[in-house]
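Residue-level structural notes
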Amino acid sequence: MRLLVLALSVLPLPAFALSCMPYWVTDAYLEAANAEEGYVPVLGALDFDANLVPQVDWENQQDVPPTTLIPATFKGVALGSRGVPQDFETDVVLEIQCAGPWCPSPQPGEMLGFLRKTSHSYVLNTDACGGFLFGQPDAAAIKQLQDCLSGRTCAPSDLR
């Protein structure tokens, strides 16, 4: 019996993982376009203190804050209707949302995103399954956003 208990005690426990639906630039665009709040699509550089991004301590997962707000600055272009760029620079609140121990790990640098307008600032949300921040966007993501803004094909990722 002891051998059986010992054998069972060394077997790995079931792994629990966050399951997210596919989420791409078109999904973020469509979500922003249908939101009550106003959003500004942007392309450029996001700067913030990466040391403030929540780090998961797997021994104390319950201590992961559900939301972390980090002051940031954005410098680049806002993409207006038809994807026409206009120089844009502003302070931003980077809103990082965790789902239990699953947190995004945004890094300062080049990004494509959607800034939510508030009464006194802009907020850039990112979460464990997507959000409105796409770091290091490739040419395909940028072109897809321009297509969405121009009224061309803008299908959700599950229809791509």
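Structure shown above.
Thresholds, definitions, all that
Residues numbered from 1 in each chain as written. Predicted model: local features only at pLDDT ≥ 70, side-chain atom pairs only at ≥ 80, totals over all residues. Heavy atoms only, no water. Pairing = 2+ DSSP bridges. Helix = DSSP H or I, 4+ residues; strand = E, 2+ residues; numbered from the N terminus. 1 Å grid on protein atoms, 1.4 Å probe; cavity = no way out; pocket = protein on both sides within 12 Å on 5 of 7 lines; lining within 4 Å. Points joined across faces, edges and corners; volume = space filled by probe spheres on them. Nonpolar A, V, L, I, M, F, W, Y, C, P; charged D, E, K, R; others polar. Disulfide = S-S within 2.5 Å. Buried < 20%, exposed > 50% of the residue type's maximum accessible area, 1.4 Å probe, protein only. Phe/Tyr/Trp six-rings, centres within 6.5 Å; stacked < 30°, edge-to-face > 60°.

Two strands pair when backbone bridges link them, and strand E2 (residues 67-79) and strand E3 (residues 85-97) are joined in this way by 13 bridges, in the antiparallel orientation. Following the sheet pairing, Ala 72 is matched in E3 by Val 92. In this antiparallel pair of consecutive strands, E2 and E3, the connection spans 5 residues, and Arg 82 shows a positive phi of 70°. By the bridge criterion, 5 bridges tie E3 to strand E5 (residues 122-127) in an arrangement that is parallel. For Gln 97, the partnering residue across the bridge sits in E5 and is Asp 127.

In this approach the atoms are scanned with a rolling probe the size of a water molecule, which exposes any empty space left behind. Of the pockets and cavities examined, the largest pocket occupies roughly 170 Å³. Forming the boundary of the largest pocket are 15 residues, of which Ser 105, Pro 106, Gln 107, Leu 133 and Gly 135 lie nearest the centre. Ranked by residues supplied to the lining of the largest pocket, first place goes to strand E4 (residues 109-117) with 3 residues. Looking at the lining of the largest pocket, its residues break down into 6 nonpolar, 7 polar and 2 charged.

We now examine the state of the cysteines. Going through the model one piece at a time under the given rule, you end up with 3 disulfides. Here Cys 98 engages in a disulfide with Cys 103; their sulfurs sit 2.0 Å apart. Its S-S torsion of approximately 115° makes the covalent link between Cys 98 and Cys 103 right-handed. Between Cys 148 and Cys 154 runs a disulfide, and the two sulfur atoms are separated by 2.0 Å. One disulfide, between Cys 148 and Cys 154, carries an S-S torsion of 85° and so falls in the right-handed class. As far as burial versus exposure is concerned, Cys 148 and Cys 154 are alike and both buried.

Another point: the pairing of E4. Pairing of strand E1 (residues 39-48) with E4 involves 8 bridges; the strand directions are antiparallel. Bridging across to E4, Leu 46 finds its partner in Gly 109. As judged from the 3 bridges shared by E4 and strand E7 (residues 133-135), these two strands associate in the antiparallel manner. Note that in E7 the partner of Met 111 across the bridge is Gly 135. The hairpin turn running from E4 into E5, its antiparallel successor, is 4 residues long.

Counted by the stated rule, this structure contains 5 aromatic pairs. Between Tyr 23 and Phe 134, the ring centres sit 6.4 Å apart and the planes meet at 5°, which makes this aromatic pair stacked. Here Tyr 23 is found in the loop between helix H1 (2-9) and helix H2 (25-33), whereas its partner Phe 134 is found in strand E7, with 111 residues between them in sequence. Each ring, one from Tyr 39 and one from Phe 132, has its centre 4.8 Å from the other, and the planes form 35°; the classification is tilted. Within this pair, whereas Tyr 39 is found in strand E1, its partner Phe 132 is found in the loop between strand E6 (130-131) and E7, the two being separated by 93 residues in sequence. Each member of the pair Tyr 39 and Phe 132 is classed as buried.

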